[in-house]
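Coordinate analysis (summary)
The lines below spell out each chain.
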Amino acid sequence: MTARFADWAVGSEGSSRSSALVRIGLAMLFWSRWAGELLLYRDQSPIGLFLAANFFVATVLLFIGYHSRAAAVWTGSVAMAMYYYFGHQLGREPWTHHHIYLLAVAALLIALTPCGRSYSLDRYLAVMRAERTGLPPPAERGNLWGLRLIVVQLSVLYFFTAFDKSNHAFLSGARIEQIFLWYYAGSDYPAGLAWPATIVSVAVVGLEYCLAFGLPFRRTRRYLVLPGLAFHAIIYVTLPVYTFSATVALLYLAYFDANAVDKVIVRLQGIGSAGTEGVS
């Protein structure tokens, strides 16, 4: 069992296409969350302009996939600076939330994958070099341990969000009632809210524990993916969680076997599978 786990964690190789999709999606999420706040006219101080320049250059490189892994480290480092220095140190409150930390960590972890070997400028340049030298294009494959770390990160996130809610204040429904009154009902307490709030609270905690321990395993994953995605979709449309739900949904790709994801792409697009000759 130990050998199998070690092989799964750090020794497995597979298609780079799912990692590339996560890379592209993360860049778009970074723009969705911060592009409007970091436009150059927003903060014209030297440190503000320096932050904005680093953010836009790093995320553009991440999106197009040029020196992809370095761009991922750069993007994640910028996000970490925003979270720790600008957020916690300088008191920019929206930047101290857990969804900021998750985006930063995801960018750093995707740097540990072959995220630039597919759907990237890096891939295009590699194919051009191979054609000039008469060699076959390099395989779209690599070590997937960065995806394994994303799985661990998501499981830890689900466990501790459930653990934090495992108290009377939440399980009684009081916190759900408070959230509903704050965002929807105002000071008028709706009749019959207590029991639905309690049921929803218990269901949320139960689902989060199930997602923490069930999603990493194939046998239980099939029953949890749709409830997990539906859970995050409901949160996204009902509460101001910014990009958190979208980030988690994107990172669900890490749970699936990369070669299986590749087969789905092949079926949809009618192209060669990763690692075959002639793939562009």
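In this convention, every chain numbers its residues from 1, walking through the sequence in written order. Note on the predicted model: pLDDT of at least 70 is required for a residue's local features to be given, and 80 or more for side-chain atom pairs to be given and counted; whole-chain, interface and lining totals, by contrast, use all residues. Excluding hydrogens and water, the side-chain values take into account all heavy atoms of the structure.

Our working definition: UniProt positions are given in the numbering used here, feature names are shortened, and annotations may be inferred rather than shown by experiment.
Per an unreviewed UniProt entry, the protein is named HTTM domain-containing protein, and its organism is Mesorhizobium montanum. Quoted verbatim from the Subcellular location (unreviewed entry) field of the UniProt record, the comment on the protein reads "Endomembrane system".

1. Some thoughts on the overall build of the protein
Note the cut-off: Put simply, DSSP marks the helices as runs of H or I at least four residues long and the strands as runs of E at least two long, and each gets a number from the N terminus on. All accessible-area figures derive from a Shrake-Rupley calculation using a 1.4 Å probe, and residue coverage is judged against the displayed protein chains alone. By the counting scheme adopted, Arg and Lys are positive, Glu and Asp are negative, and His together with the chain ends is not counted. One atom stands in for each charge, and that atom is NZ of Lys, CZ of Arg, CG of Asp or CD of Glu.
Scanning the protein for helices and strands turns up 13 helices and two strands. Viewed in the frame of its principal axes, the protein has a C-alpha envelope of about 75 × 55 × 35 Å. For the protein, the exposed area adds up to about 15,000 Å²; of that, 67% sits on carbon and sulfur atoms. With 21 positive and 15 negative side-chain charges, the protein shows a separation of 7 Å between the mean positions of the two kinds.

2. A closer look at helix α2 (residues 17-34)
Each α-helix winds once per 3.6 residues, and so residues spaced three or four apart point in a common direction. Just so we agree on the cut-off: Any helix carries an expected span of 1.5 Å times its number of residues minus one. Buried, partly exposed and exposed residues are distinguished by accessible area as a fraction of the type maximum, computed with a 1.4 Å probe on protein chains only: under 20%, between the cut-offs, and over 50%, respectively.
Relative to the 26 Å expected for 18 residues at 1.5 Å per residue, α2 spans 26 Å between its end C-alpha atoms, a close match to the ideal helical length. Here α2 lies mainly inside the structure; 14 of its 18 residues are buried.

3. Focus: the packing of aromatic side chains
For any two aromatic rings, the description comes down to two numbers: the centre-to-centre distance and the angle of the planes. Here is the rule: For Phe, Tyr and Trp, rings pair up if their centres lie within 6.5 Å, where Trp contributes its six-membered ring, and each pair is then called stacked (planes under 30 degrees apart), edge-to-face (over 60) or tilted (otherwise). Charge over a ring is defined by NZ of Lys or CZ of Arg lying within 6 Å of the ring centre and within 35 degrees of the ring normal.
Within the structure shown, the criterion is met by 17 aromatic pairs. Between F30 and W34, the ring centres sit 5.5 Å apart and the planes meet at 35°, which makes this aromatic pair tilted. You can see F30 and its partner W34 sitting in helix α2, four residues apart, about one turn around the helix. An angle of 75° between the planes, with centres 5.9 Å apart, marks the rings of F159 and F213 as edge-to-face. Residue F159 is located in helix α7 (residues 145-165), and its partner F213 is located in helix α10 (residues 194-214); the two are separated by 54 residues in the primary sequence. It is R221 that lies over the ring of F256; its NZ or CZ is 5.7 Å from the centre.

4. Some details on unusual backbone geometry
In the Ramachandran plot, H67 falls in the positive-phi region, its phi being about 50° despite a non-glycine side chain. Mapped onto the elements of the fold, H67 is located in the loop between α3 (46-64) and α4 (68-89). The backbone of Y242 shows a phi angle near 55°, a positive value even though the residue is not glycine. Among the secondary structure elements, Y242 is positioned in the loop between α11 (218-238) and α12 (244-251).

5. A few points about a nonpolar patch on the surface
Formally: The residues that make up patches have over 30% relative accessible area and no salt bridge, and they are joined within 9 Å when like-charged or within 5 Å when they are Val, Leu, Ile, Met, Phe, Trp or Tyr. Should a side-chain nitrogen of Lys or Arg be within 4 Å of a carboxyl oxygen of Asp or Glu, the pair is scored as a salt bridge.
Together, V60, I64, Y66, L121 and Y124 give the surface a local cluster of nonpolar side chains, amounting to about 410 Å² of exposed area. At the level of elements, α3 and α6 (121-133) are the ones that each hand at least two residues to the nonpolar patch. By the element assignment, I64 lies in helix α3. Taking the relative accessible area as the measure of exposure, I64 reaches 35% and is therefore partly exposed.

6. Quick word on the nonpolar core
The test is simple: Residues belong to a common nonpolar core when they are buried Ala, Val, Leu, Ile, Met, Phe, Trp, Tyr or Cys residues joined through side-chain atoms within 4.5 Å. Only heavy atoms matter for contacts: two residues are in contact if any of them lie within 4.5 Å across the pair.
W34, L38, I110, I150, Y158, L215 and Y252 are the most contacted members of the largest nonpolar core, which totals 59 residues. Setting aside residues up to four positions removed in sequence, Y252 forms contacts with Y158, L211, L215, V225, G228, L229 and H232.

7. Details of the packing of α7 against α10
Convention followed: Comment: axis = line fitted to C-alpha atoms, over the contacting stretch for helices; angle = value between 0 and 180 degrees taken between N-to-C directions. Angles below 35 degrees are treated as roughly parallel, those above 145 as roughly antiparallel, those between 65 and 115 as roughly perpendicular, and all remaining angles as oblique. By convention the crossing between two helices is left-handed if the near helix lies anticlockwise of the far one by an angle smaller than a right angle, and right-handed if it lies clockwise. The classification used treats Ala, Val, Leu, Ile, Met, Phe, Trp, Tyr, Cys and Pro as nonpolar, Asp, Glu, Lys and Arg as charged, and all other residues, Gly among them, as polar.
In the contact formed by α7 and α10, the axes pass within 8 Å of each other and the chain directions differ by 155°. By the angle class used here, α7 and α10 are roughly antiparallel. In the packing of α7 onto α10, the handedness of the crossing is left-handed. The segment α7 lies against α10, with S155, Y158, F159, T161, A162, F163 and K165 engaging V204, V205, E208, Y209, L211, A212 and F213. Grouping the constituent residues of the contact of α7 with α10 by class yields 10 nonpolar, two polar and two charged.

8. Comments concerning the UniProt feature "transmembrane region" (unreviewed entry) in the protein
Mapped onto the present numbering, the UniProt feature "transmembrane region" (unreviewed entry) falls on residues 47-64, 71-87, 99-121, 142-163, 193-217 and 229-255. Overall, residues 47-64 shows 100% helix and 0% strand. The separation of its end C-alpha atoms is 26 Å. Counted over residues 193-217, helix gives 84% and strand 0%. Its end C-alpha atoms are 36 Å apart.

9. Let's talk about the side chain of N54
How we decide: Two N or O atoms form a polar contact when they lie within 3.5 Å of each other; inside protein one atom must be a possible hydrogen donor and the other a possible acceptor, and for residues adjacent in sequence the pair counts only when both atoms belong to side chains.
Residue placement: N54 occurs in helix α3. The class for N54 is buried, based on a relative accessible area of 16%. Within the local environment of N54, its side chain forms a polar contact with the backbone oxygen of F50, the two atoms lying 2.8 Å apart. With sequence-adjacent residues up to four places away left out, N54 is seen in contact with W74 and V78.

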